[in-house]
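Given next are the chains, with one letter for each unit.
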Amino acid sequence: MKKALVISGGGSKGAFAGGVAQYLMKEEKKEYNLFLGTSTGSLMVSHLALGKLDALKKLYTNVDQKSIFSNSPFTIRKIAGEKVISINHLNTLWNFIKGRKTFGESKNLRKFIKENITREMFNSIRENHKEVVVTVSNLTANKIEYKAINACAYEDFCDWIRGSCNYVPFMSLLEKDHCQYGDGGFGALIPILEAILRGATEIDAIILDTEITQWNRMPFKNPFHCCLMYLTLC
């Protein structure tokens, strides 16, 4: 029997997915052969395949904007005790002046991935015959691709994780193999079908989405703010 754990995209809500995965694996004693993730889920699946739950918790409680962005398109302020995210127009303008293709640059994410998903972890997953797969959107070919750890070299796998997490147009495009790649969530937010096609007979899916919006958003101030709010709903 092949058991799969599927983790959807969801940005910072990945911390919640880590808690659910910990409960399933520690309390429910679930064991999985296949780990498949999209976007923030792709950051988690390597740790989960090795049972490194404490390291995963440390990863999600220490990540910040500087861990991801070399040029952040966002500013974060506290208003009435709540964090409010808005567009950093100066950084965005600088990206346009430099001829960049996106509002921000997430080059630091590559370093963050290599620091937290090491070559030793990569080799250990392969030696233990665990199947780890990440989802990327091939924007050039207009299709979804699934990159398995057993079919990649270490450096390539780190690239695919980064590509899966790159929420364009606010983060960098991954340019690889003559194609441009972005967030896997654009085409397969919850890649359950791929788990089935890879032979999974039992699937646990952690879906990082809220059924009800708990707050009212502030009024739009400019086209960039409108774009940001639209993408957070997609």
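Residues numbered from 1 in each chain as written. Predicted model: local features only at pLDDT ≥ 70, side-chain atom pairs only at ≥ 80, totals over all residues. Heavy atoms only, no water.

Novice: Just give me the short version of unusual backbone geometry, but keep the residues and values in it.
Specialist: Residue Pro169 follows Val168 across a cis peptide bond; omega there is 10°. For Pro169, the location among the structural elements is in the loop between helix H8 (154-165) and strand E7 (174-176). The residue Lys29 is not glycine, and still its phi comes out positive at about 60°. Residue placement: Lys29 occurs in the loop between helix H1 (14-27) and strand E2 (34-38). A relative accessible area of 64% means that Lys29 is categorised as exposed. (Helix = DSSP H or I, 4+ residues; strand = E, 2+ residues; numbered from the N terminus. Buried < 20%, exposed > 50% of the residue type's maximum accessible area, 1.4 Å probe, protein only.)

Novice: Quick one: what's the story with the environment of Gly104, residue by residue and with numbers?
Specialist: Along the polypeptide, Gly104 turns up in the loop between helix H5 (89-97) and helix H6 (108-116). Owing to a relative accessible area of 0%, Gly104 belongs among the buried residues under this scheme. Separated by 11 residues in the primary sequence, Gly104 and Leu93 have C-alpha atoms spaced 9.6 Å apart.

Novice: Lay out the packing of aromatic side chains in plain terms, naming residues and giving numbers.
Specialist: Within this structure, the stated rule accounts for 9 aromatic pairs. Centre to centre, the rings of Tyr32 and Phe35 are 5.9 Å apart; their planes meet at 70°, and the pair counts as edge-to-face. As far as burial versus exposure is concerned, Tyr32 and Phe35 are alike and both buried. The interplanar angle of 70° and the centroid separation of 5.6 Å between the aromatic rings of Phe122 and Tyr154 together place this pair among those described as edge-to-face. (Phe/Tyr/Trp six-rings, centres within 6.5 Å; stacked < 30°, edge-to-face > 60°.)

Novice: An account of the packing of H1 against helix H2 (residues 40-49) is needed here, citing residue identities and associated values.
Specialist: Viewed as axis vectors pointing N to C, H1 and H2 meet at an angle of 30°, and their least axial separation amounts to 10 Å. One element, H1, and the other, H2, form an angle in the roughly parallel class. By crossing handedness, the relation of H1 to H2 is classed as right-handed. Side by side, H1 and H2 meet where Gly14, Ala17, Gly18, Ala21 and Met25 of the first sit next to Thr40, Met44 and Leu48 of the second. Tallied by class, residues from the contact of H1 with H2 come to 5 nonpolar, 3 polar and no charged. (Axes fitted to C-alpha atoms, helices over the stretch in contact; angles between N-to-C directions. Parallel < 35°, antiparallel > 145°, perpendicular 65-115°, else oblique. Left-handed = near helix turned anticlockwise from the far one by under 90°. Contact = heavy atoms within 4.5 Å. Nonpolar A, V, L, I, M, F, W, Y, C, P; charged D, E, K, R; others polar.)

Novice: How would you summarise the pattern of salt bridges if you had to cite specific residues and measurements?
Specialist: Working definition: two side chains of opposite charge can pair if their charged atoms are close together. Summed over all chains, the structure comprises 13 salt bridges. Between Lys114 and Glu155 there is a salt bridge; the shortest N-O distance is 2.8 Å. Separated by 41 residues along the polypeptide, Lys114 in helix H6 and Glu155 in helix H8 bring together distant segments of the chain. Classification of Glu155 by relative accessible area gives partly exposed; the value is 31%. One network of salt bridges, with partners in common, ties together Arg110, Lys114, Arg119, Glu155, Asp156, Asp159 and Lys176. (Salt bridge = Lys/Arg side-chain N within 4 Å of Asp/Glu carboxyl O.)

Novice: For the pairing of strand E4 (residues 82-87), give the residues involved together with the corresponding values.
Specialist: Along any regular strand the residues' side chains alternate between the sheet's two faces. Taken together, the 6 bridges between strand E3 (residues 74-79) and E4 define a ladder with antiparallel strand orientation. Its bridge partner being in E4, Ile76 is matched across the sheet by Ile85. A loop of 2 residues connects E3 with E4, the two strands running antiparallel in sequence, and Ala80 in this loop sits at a positive phi of about 55°. (Pairing = 2+ DSSP bridges.)

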